Amino acid sequence: MTSAISSLNSPVFSSLAAYEKMGSFEESSSEALNSMRNSDSLDLYRKVFAYIQNTSQPEEIKIELVRLIMVLASQSDKEVSFTDYEELLKEAMGFSAKWGRASLLSFHKDIEKSTLGDLLLVFSLSNQIENTDYIKAQLERFKQKKIDFIGLLEDLKSIESKSNRIPEQKELKPILERFKGEDPNVVFPLDKRFLAAIEKQYAVVENYCREWQYKCLGWLISEANTIRAKKTGLQEEAMLKLIAIGRLALYDTHKLYLHHTQVLAILGQLCYPKGCIAQVKTGEGKSMISTLLAFVLAMQNKSVHLISSERSLSLRDQLKLFSFFQLFSIKTSHICNDNPEQSCFKAQILYGTASDFEFAIMQEMLHLTPLFEQKVNLNKQKRFDCVIVDEVDNLTIDTARNYARLSHPAEVSYTWVYYTILKYVKERFAKDLSDELFSESTLQDLRRILQGLQPVQLKDDQLKTWLRSAFSALFLLEEQKDYIVKKSIDKEKILVVDAKNTGRIMHAVRWGKGVHECVEAKHKMEPKTETITPLSLAHCVLYPMYDSVFGLTGTLGSQLEREEIKEIYGIDSFDTPTYNPCIRKDSPVKILSSNKEWLEAILQVVKDCIAQDRPILVLSETIRDSQIIEELLKKENIPLEMLNEVQEKSEESILNRAGISKAVTVATNTAGRGTDIKLTQRSLQQGGL
């Protein structure tokens, strides 16, 4: 949707009955605007009515168009834009020209269960389908109330082109055999007691999908709401219906139809009431599995938190799927900024990183102010309902990024010590850590120098911490690897890089114990006031707060790692096969004796790929490494794109070109998480990425 967006609150207009008496377009549009209860909508509807007024339609058709808009607006609580209404009005005018005003008149009286999208589809199909006599008969039945709006739309869709049916899929039986372990990627298959059950369940889902494939979106929404309305909990049959409805609705709205292995993965996870982790290989559509699983859980009136490795991935998925969930009145939001608004936490499905949720929980603890929705349930033992975790390291690895520590400015500031300590360590010690760094003579010498600046009492532990921090800043932390210096017009600042994991810049993150302040001093910046950490929260504390923990990962790893997750969280795991046989080729590792040989080898591989018309992605460990490789390729006049968190172009524009034949993309690990590189046909023919 584009243009100015207005959120409408039902009912928008005070009286449709009063409006029916209006005899001219001016009267009808004026009454409509005067009757609006939501003043935020006025500008949008003035624009819509001005558009109608400027058409060449007869007066009576203009009046019917205003009536149509009024009925839609009065029953909608969805976000609608001028572009949406413009598209609808164009189809409605074409419909009126073809079938007459009387047919158009019947719609504003009987579309209570429809959406704007459904109404647009009725007009569009009526205008396009060549079987004129059939359409004429169905419209007459609709006017006489022999069929309702949903029935009319179903009939129109049933004679629509067969190309709009659900896509054909691969044969199911071999995939089920691979699910049981007849596949090199399935080392840890689903428990045998569940395999037979999900096979039967999937047959039911498939039957519903085939039976309902021509049902309109409005019917699917109505059916889902009927299932959700039940307060006694979902029986198995109802859950399977919801999976089929969500699958069809995703295809209707996003042209994405979940294939066999994706739905089987969901059914496998739902076998475990307390949650389960499914290993799903890269490229197999983990985000769509998460979406359909979240839909099924939300339709059971549960709140769902969706955790990903990066804020950018959370933002992408929340924006992409917002309209899908909104159809079913499921509110979604995200907390992917440092100070999310409290209204965000009211969403039933909430997106963010592990640290985003951990910081929010600590904010509640520190300020004794609830942020998350508080559910009144005497039988509820856990704080939250469900969480779906993308990538296993969000469960197992506590790095500076996702081991959350809530910081506040310290009451006593020691910003005056850092330049002195840094100079002291730089002049007396080398990169090889000396035992003398923490010796008694060193501590006494440093205390004497600092007390000469300010007469304060400094304990040995504090001096040792500062010495260690200064040593790290000088000899261990490297620019363009562990951090970057971000320059703006009037200031500079140190930004931490998650070098060992995601390669992303970690905004609003500072190293503790004086390390960050020492790095600032190292770069001749004014050290900021130190912070204290009154609260910290690790993953092993966060995830036990949920009734159910579901996970999806491409890299679950060995039995030892699985046992560790089972021991800490009580969560089982299983492997899923790929939908298509894996065609990735793993070349043997090459160990090279020098940086020179390493760069020469990279250059040769890049040249080989270009000669073969294949795109190539060169992943480097650090920002500095990526810049060295960039310089090497530029010397050879090889065009390339950089994706290392400090590039000028947007990540989206770079990735949009990364799949073109001969494209060279140099990146840090920032391109290794949830990155979707779409290959052109030429690239695929030449061997892929």
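Residues numbered from 1 in each chain as written. Predicted model: local features only at pLDDT ≥ 70, side-chain atom pairs only at ≥ 80, totals over all residues. Heavy atoms only, no water.

### Considerations on a positive patch on the surface
Applicable threshold: In this analysis, a patch consists of residues with relative accessible area above 30% that form no salt bridge, clustered at 9 Å for like charges and at 5 Å for the nonpolar side chains Val, Leu, Ile, Met, Phe, Trp and Tyr. Calculation of accessible area relied on Shrake-Rupley with a 1.4 Å probe; when residues are assessed, cover is drawn exclusively from the protein chains displayed. When a carboxyl oxygen of Asp or Glu is within 4 Å of a side-chain nitrogen of Lys or Arg, the pair counts as a salt bridge. In this tally Asp and Glu are treated as negative and Lys and Arg as positive; neither His nor the chain ends contributes. A charge is said to be at NZ when it belongs to Lys, at CZ for Arg, at CG for Asp and at CD for Glu. Elements are defined by DSSP. Helices are runs of H or I of four residues or more, strands are runs of E of two residues or more, and each kind is numbered from the N terminus.
On the surface, K486, K491, K493 and K528 cluster together into a patch of positive charge. Within the fold, K493 resides in strand 10 (residues 492-497).

### Focus: the sheet that holds strand 11 (residues 505-506)
Filter applied, for reference: Between any two strands, at least two bridges found by DSSP are needed for them to pair.
What the 3 strands build is an open sheet, ordered 9-10-11; its pairing is antiparallel. Two strands in the sheet have a free side with no partner beyond their single neighbour: strand 9 (483-487) and strand 11. Taken together, the 2 bridges between strand 10 and strand 11 define a ladder with antiparallel strand orientation. Directly across from V496, in strand 11, lies its bridge partner M506.

### What about the nonpolar core?
Across soluble globular proteins, nonpolar side chains show a tendency to be buried alongside one another. Put simply, the test is: Side-chain atoms within 4.5 Å link the members of a nonpolar core, which is a set of buried Ala, Val, Leu, Ile, Met, Phe, Trp, Tyr and Cys residues. A simple rule labels every residue: compare its accessible area, found with a 1.4 Å probe on the protein chains alone, to the largest value its type can have, and call it buried under 20%, exposed over 50%, or partly exposed in between. The contact criterion used throughout is that any non-hydrogen atoms of two residues lie within 4.5 Å.
One finds Y85, F107, F295 and F328 to be the most contacted residues of the largest nonpolar core, which totals 111 residues. Among the elements that take part in this core, helix 13 (residues 236-254) stands out by supplying 11 residues, more than any other. Aside from chain neighbours lying at most four places away, what touches F328 is L220, I221, A224, N225, R228, I245, A249, F295 and M299. In terms of nonpolar packing, the next biggest core, distinct from the first, is built from 33 residues, Y418, L474, L477 and V515 among them.

### Some words on the environment of H334
We apply this condition: The term polar contact refers here to a pair of N or O atoms within 3.5 Å; inside protein, the definition further demands a hydrogen-donor-capable atom paired with an acceptor-capable atom, and it admits residues adjacent in sequence only when both atoms are side-chain atoms.
Tracing the backbone shows H334 in strand 5 (residues 332-334). H334 sits 29 residues away from H305 along the chain, and the two C-alpha atoms are 9.4 Å apart. When residues no more than four places from it in sequence are discounted, the contact partners of H334 are L315, Q318, C344, L350 and Y351. Within polar-contact distance, the side chain of H334 engages the backbone nitrogen of C336 at 3.0 Å.

### Brief notes about the packing of aromatic side chains
Centre-to-centre distance and the angle between the planes together describe a pair of aromatic rings. The test is simple: Only the six-membered ring of Trp is used, alongside the rings of Phe and Tyr, when aromatic pairs are assigned; centres must lie within 6.5 Å, and planes under 30 degrees apart are stacked while those over 60 apart are edge-to-face, with the rest tilted. By the criterion adopted, a ring carries a charge over it if an Arg CZ or a Lys NZ lies within 6 Å of its centre and within 35 degrees of its normal.
Applying the stated rule across the entire model yields 19 aromatic pairs. Consider the rings of Y45 and Y85, whose centres lie 5.6 Å apart with planes at 55 degrees: the pair is tilted. Placement of Y45 in helix 3 (residues 42-53) and of Y85 in helix 5 (residues 82-99) is noted, with a sequence separation of 40 residues between them. Owing to a relative accessible area of 0%, Y45 belongs among the buried residues under this scheme. Relative to Y272, the ring of F194 lies with its centre 4.9 Å away and its plane at 70 degrees, an arrangement referred to as edge-to-face. Of this pair, F194 sits in helix 11 (residues 192-212) while Y272 sits in the loop between helix 14 (260-270) and strand 3 (276-279); the two residues are 78 residues apart in sequence, bridging distant segments of the chain. Accessibility expressed as a relative area gives 12% for F194, which makes it buried. A relative accessible area of 9% means that Y272 is categorised as buried. By the ring-pair criterion, three or more aromatic residues cluster together here, those being F345, F357, F372, F384 and Y546. One cation-aromatic arrangement involves K62 over F25; the distance from NZ or CZ to the ring centre is 6.0 Å. In this structure, K255 packs its charged tip against the face of Y251, placed 5.0 Å from the ring centre.

### Some remarks on the confidence of the model for the protein
Which entries qualify depends on this criterion: For every residue, the predictor states its confidence as a pLDDT score lying anywhere from 0 to 100.
The predicted model of the protein has a mean per-residue pLDDT of 81, with 83% of residues at 70 or higher. For residues 398-404, every residue scores under 50 in pLDDT, and the model assigns this stretch 33 contacts once sequence neighbours within four places are set aside.

### A few points about the sheet that holds strand 15 (residues 616-619)
Two strands in a sheet stick together by hydrogen bonds in their backbones, pointing the same way (parallel) or opposite ways (antiparallel). Which entries qualify depends on this criterion: Axis angles are defined between N-to-C directions and span 0 to 180 degrees, where every axis is a line fitted to C-alpha atoms and, for a helix, only to the segment in contact.
Strand order in the open sheet formed by 3 strands is 15-17-16, with parallel pairing between adjacent strands. Whereas interior strands pair on both sides, the edge strands pair on one side only; in this sheet they are strand 15 and strand 16 (641-643). Strand-to-strand twist across the sheet, computed as the mean angle between neighbouring axes with direction ignored, equals 20 degrees. Judged from the 3 bridges that link them, strand 16 and strand 17 (residues 664-667) form a sheet pairing that is parallel. Counted as the bridge partner of L643 is A667 from strand 17. Contacting strand 15 and strand 17, helix 25 (residues 595-611) crosses the sheet at an angle of about 165 degrees to strand 15. Across the sheet, helix 26 (residues 623-635) touches strand 15, strand 16 and strand 17, and the angle it forms with strand 17 is around 155 degrees.

### So, the packing of helix 13 against helix 15 (residues 286-298)
Counted only if it meets this: With respect to orientation, any angle under 35 degrees is reported as roughly parallel, any angle over 145 as roughly antiparallel, any angle of 65 to 115 as roughly perpendicular, and every other angle as oblique. Two helices that cross are described as forming a left-handed crossing if the nearer one is turned anticlockwise from the farther one by less than a right angle, and a right-handed crossing if clockwise.
Running from amino to carboxyl end, helix 13 crosses helix 15 at an angle of 130 degrees, the nearest separation of the two axes being 9 Å. In terms of orientation, helix 13 lies oblique with respect to helix 15. Classified by chirality, the crossing of helix 15 by helix 13 is right-handed. Facing helix 13, whose interface residues are M239, L242, I243, I245, G246, R247 and L250, helix 15 presents M288, T291, L292, F295 and V296.

### Things to note about helix 21 (residues 460-476)
For the record, the criterion: An expected span of 1.5 Å times one less than the residue number is assigned to each helix.
Between its first and last C-alpha atoms helix 21 spans 23 Å; for 17 residues at 1.5 Å apiece the expected length is 24 Å, and the two agree. Contacts from the buried residues of helix 21 go to helix 19 (418-428), helix 20 (440-453) and helix 22 (515-522).

### Structural notes on unusual backbone geometry
For S329, which is not glycine, the phi torsion reads 60 degrees and is therefore positive. We note that Q480 has phi near 65 degrees; this positive angle belongs to a residue other than glycine. By secondary structure assignment, the location of Q480 is in the loop between helix 21 and strand 9.

### With respect to the packing of helix 25 against helix 26
Applied cut-off: Here the nonpolar group is Ala, Val, Leu, Ile, Met, Phe, Trp, Tyr, Cys and Pro; Asp, Glu, Lys and Arg are the charged ones; every other residue, Gly included, is treated as polar.
As a packed pair, helix 25 and helix 26 sit with axes 11 Å apart at the nearest point and diverge in direction by 60 degrees. The angle between helix 25 and helix 26 places the two elements in the oblique class. At the point where helix 25 passes helix 26, the crossing takes the right-handed sense. Contacts between helix 25 and helix 26 pair W598, L599, I602, L603 and V606 from the former with D625, I628, I629, L632 and L633 from the latter. Along the lines of polarity and charge, the residues of the contact of helix 25 with helix 26 split into 9 nonpolar, no polar and 1 charged.

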